Each structure stands twice: as C-alpha cells, then as structure tokens.
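Architecture and fold: a report
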Amino acid sequence: MHVTTLTWVITVLVILGLFIFDFFAHVRTPHEPTFRESGFWSAVYIGIALLFGGFVAWQWGGTYAGEYYAGFVTEKALSVDNLFIFLIIMSTFAVPRIYQQKVLLIGIVLALVMRGIFIGVGAAAISAFSWVFYLFGAFLVYTAAKLLKESGHEAEVEEKRDSRIVALTKRFLPTTDEYHGDKLITRIDGRRTLTPLLLALLAIGFADLLFALDSIPAIYGLTEQPYLVFTANAFALMGLRQLFFLIGGLLDRLVYLSYGLAAILAFIGVKLVLHALHENTLPFINGGEHVSVPEISTPVSLGVILGILVIATVASLAKTRGAVKQD
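Residues numbered from 1 in each chain as written. Predicted model: local features only at pLDDT ≥ 70, side-chain atom pairs only at ≥ 80, totals over all residues. Heavy atoms only, no water.

Summarising the element assignment, Leu261 is placed in helix H10 (residues 257–278). With a relative accessible area of 2%, Leu261 lands in the buried category. Once the C-alpha coordinates of Leu261 and Ile305 are considered, the two residues, 44 residues apart in sequence, prove to be 8.9 Å apart. Contact partners of Leu261, with chain neighbours within four places excluded, come to Ala77, Leu78, Asp81, Leu147 and Leu309. (Helix = DSSP H or I, 4+ residues; strand = E, 2+ residues; numbered from the N terminus. Buried < 20%, exposed > 50% of the residue type's maximum accessible area, 1.4 Å probe, protein only. Contact = heavy atoms within 4.5 Å.)

Considering all chains together, one arrives at 18 aromatic pairs under this definition. A ring pair is formed by Phe55 and Trp60, whose centres lie 5.8 Å apart and whose planes are at 90 degrees; its orientation type is edge-to-face. Residue classification places Phe55 among the partly exposed positions, given a relative accessible area of 30%. A network of ring pairs unites the aromatic residues Trp8, Phe52, Phe55, Trp58, Trp60, Tyr68, Tyr69, Phe72, Tyr227, Phe230 and Phe235 as a single cluster. (Phe/Tyr/Trp six-rings, centres within 6.5 Å; stacked < 30°, edge-to-face > 60°.)

Here we take up the packing of helix H4 (residues 97–128) against helix H5 (residues 132–150). Helix-helix packing is characterised by the crossing angle of the two axes and by the distance between the axes. Across the interface, H4 lies against H5 with an axial gap of 8 Å and an inter-helix angle of 130 degrees. It follows from the interaxial angle that H4 and H5 lie oblique. Contacts between H4 and H5 pair Gly122, Ala125 and Ile126 from the former with Val132, Phe133 and Phe136 from the latter. Residue composition of the contact of H4 with H5, grouped by class: five nonpolar, one polar and no charged. (Axes fitted to C-alpha atoms, helices over the stretch in contact; angles between N-to-C directions. Parallel < 35°, antiparallel > 145°, perpendicular 65-115°, else oblique. Nonpolar A, V, L, I, M, F, W, Y, C, P; charged D, E, K, R; others polar.)

This part covers the packing of helix H3 (residues 62–92) against helix H8 (residues 226–237). Two numbers describe how H3 lies on H8: the axes approach to 8 Å, and their chain directions differ by 40 degrees. Considered as vectors, H3 and H8 are oriented oblique to each other. In this structure, the crossing between H3 and H8 has a hand that is right-handed. From H3, Tyr64, Glu67, Tyr68, Gly71, Phe72, Glu75, Lys76 and Ser79 reach across to H8, where they touch Leu228, Thr231, Ala232, Asn233, Phe235, Ala236 and Leu237. Grouping the amino acids of the contact of H3 with H8 by side-chain chemistry returns eight nonpolar, four polar and three charged. (Left-handed = near helix turned anticlockwise from the far one by under 90°.)

Every other side chain in a regular strand lies on the same face of the sheet, so the side chains alternate between the two faces. Bridge count for strand E1 (residues 185–188) against strand E2 (residues 191–194) is four bridges, and the pairing is antiparallel. The partner of Ile185 across the bridge, within E2, is Leu194. Counting the residues between successive antiparallel strands, the hairpin from E1 to E2 contains two residues, one of them, Asp189, with a positive phi of roughly 55 degrees. (Pairing = 2+ DSSP bridges.)

Residues Tyr68, Phe72, Phe86, Ile89, Phe93, Leu261 and Ile268 are the most contacted members of the largest nonpolar core, which totals 93 residues. Counting residues per element, this core draws most heavily on H3, which supplies 15 residues. (Core = buried A, V, L, I, M, F, W, Y, C linked by side-chain atoms within 4.5 Å.)

With respect to the helices, strands and loops of the structure, Ser316 is situated in helix H11 (residues 298–326). Given a relative accessible area of 1%, Ser316 falls into the buried group. Apart from residues no more than four positions distant in its own chain, Ser316 is found in contact with Arg253, Leu254, Val255, Tyr256 and Leu257.

On the surface, a cluster of nonpolar side chains totalling about 480 Å² of accessible area is made up of Val9, Leu13, Leu16, Ile20 and Phe24. Relative to the helices and strands, Ile20 is located in helix H1 (residues 5–27). Of the residues examined, Ile20 reaches a relative accessible area of 44% and is grouped as partly exposed. (Patch = residues over 30% accessible without salt bridge, like charges linked within 9 Å, V, L, I, M, F, W, Y side chains within 5 Å. Areas by Shrake-Rupley, 256 points an atom, 1.4 Å probe, with all protein chains shown as cover. Salt bridge = Lys/Arg side-chain N within 4 Å of Asp/Glu carboxyl O.)

Take the confidence of the model for the protein next. When pLDDT is averaged along the protein, the result is 81; 93% of the residues meet or exceed 70. Mean pLDDT across the elements of the protein ranges from a minimum in helix H6 (residues 154–172), with 70, to a maximum in H8, with 90. (pLDDT = per-residue confidence, 0-100.)

Before going further, it helps to examine the environment of Ala234. Mapped onto the secondary structure, Ala234 falls in helix H8. Counting along the chain gives 188 residues from Ala234 to Ile46, while the straight-line C-alpha distance between them is 11 Å. Once you skip the residues sitting within four places of it in the chain, Ala234 turns out to touch Ile15 and Leu112.

Structure follows, in structure tokens:
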C-alpha cells in the first residue's frame, strides 16, 4: 500500500479541520448537549468513518478497506470502554455538565496526538524487527487478563489512579478546589492556579496514554499499514465526545463489555503471535526459520470482533433489563 506525502498531509488537515469545527461549533460556548444533538453528530462522524472506508477501497482495494474497517470497529469498541473511565473521572472531579464537553474534546485531541506518536514508533519497530509481533501479542494477552481481573472494579482502580495524579500535582503546583467557569488556569491573589477542570484533564490525558498502550498493538494485529492505523484511530476518536452524552446512561448496563473486549484483545494477541511465528527470524525458534502455522484472515478477524461485540452487548442488556424495570 503506497500512500503519498500529499495524501498524508490532506488527511491530517481534514481531520484537524473536523476537530476545529467541532470546537467552534459545539464546545466553545459551554452547554450541555441535547440527546438529539449528540445522536445527530455521532451518526455524522460514524458515517464519515464508513465513507472513508469506501475511499480506501477505491484507492487501494478491498483488502485494505477490510483492514481499515476491522481496525475502526476494534478502536471504536475500545473507545466505548474508555467512556466508562471518562465518566468515573468526571464524577470524581465533579465536573459540571456544561464544561464536560471542553474536557472531553481536549482529552480526545491529546489521545490522538499520543496515539500518533505510538503509531510512528510501532511502525518503525515493525519495519526493523519482525519479532516485535511476539511482544505485541504477549502484551495484548496480558492486557486481556488484566482487564478480566479488573472487571467490575473499574471505578475503584480509576479513583485510586486519579487520587495519585491529584496528590502529585498538588505537591508541586498551586491548585484550587473551586471551579472558575471553564478556565483551566485562573489567578487567585495574583498567582496562577490550576483549577479542578485542568486536574480532570490531566487524569483523562493519563488515561489516554494507558489506552494508547493497549489500542495501538491491537490494531497493528489487524493491519501493518500506518496510514490505516492512524485513520482508524482518528475516526474512532472523532464523535467520541457526542457518544459520551448519547450513551452515558447506557454504559452502566454494558456489564459484559469488559469481558468482550478482553476476548477481542486475547484473540488479536493470538493472531499476532501466529503472524510472528509465520514470519519468524529468531534463531532459538525453529532454527530461525518460518514456522508453518495457520494465519487468521482479515474477514475472519472482522467477523470474530463483531460477533464478540454483539454477544457482549446483547448479554449485557438482557442481564440488566430486570434491574431497569425495577427502577
């Protein structure tokens, strides 16, 4: 897959333009978005992401389009799980609803920047060392096990992490416990002081860093093309702010989502290890020769990922349906 520098530049500028539009059209003036507004713009951004897959098919063929769609679905699913962490952070810092959009949008932009850095590092590592797939695969299996262990205790884990971030920040920088509109930094007695809104943003930024460590190896298990990895991540993150307000109440009902994501990460981890064995160059494995093992195709990967997500969602809604009726 050959992607010209001009294509990269145009793609980055379009994505940047969409984020700038989002800020000036929806975030600049603090307000709590309505269900209708959130639903409309979530659909718009998902539509753009799907249309981009058609562009990939037109330019580079159906195989690469399939890799893009598999990556997009995986990243979108991981992003939905991230929303639960964002919800905990907003609750922990008691961020007023009208200011949550600003924190989310800035956090999402930071996430894209960090993922861009990891994508570049990952591409360089893969280009230089084929055995890096062993590391990616093992890390994803470890992450899946960790996700299973923390399932049901996400709030406690995140609250402990947030308290450490706040304690460390307050130790070195002046902070205030009061909100000053949507300001990140304010002046108190002539001194620059960090507001709780900035502390919440720091917590989201740190969470984004951890999410990037999981998501980038996962998508490299579906495609080795940096352009597809970047665009799938960008379009998965785009519209995440609207999705936060759209399905905020539904997140509590997705009780099996973590199990589903753990299964997806474990599946991709195994896929990466199989690919590493197929491309093996390590001398202590099969004498440095390629190992004849079956490889999992992109259509199969996409089918498995979608199937797991459907099962996890349906099972979650069925499990919590009785509780909703009682309420």
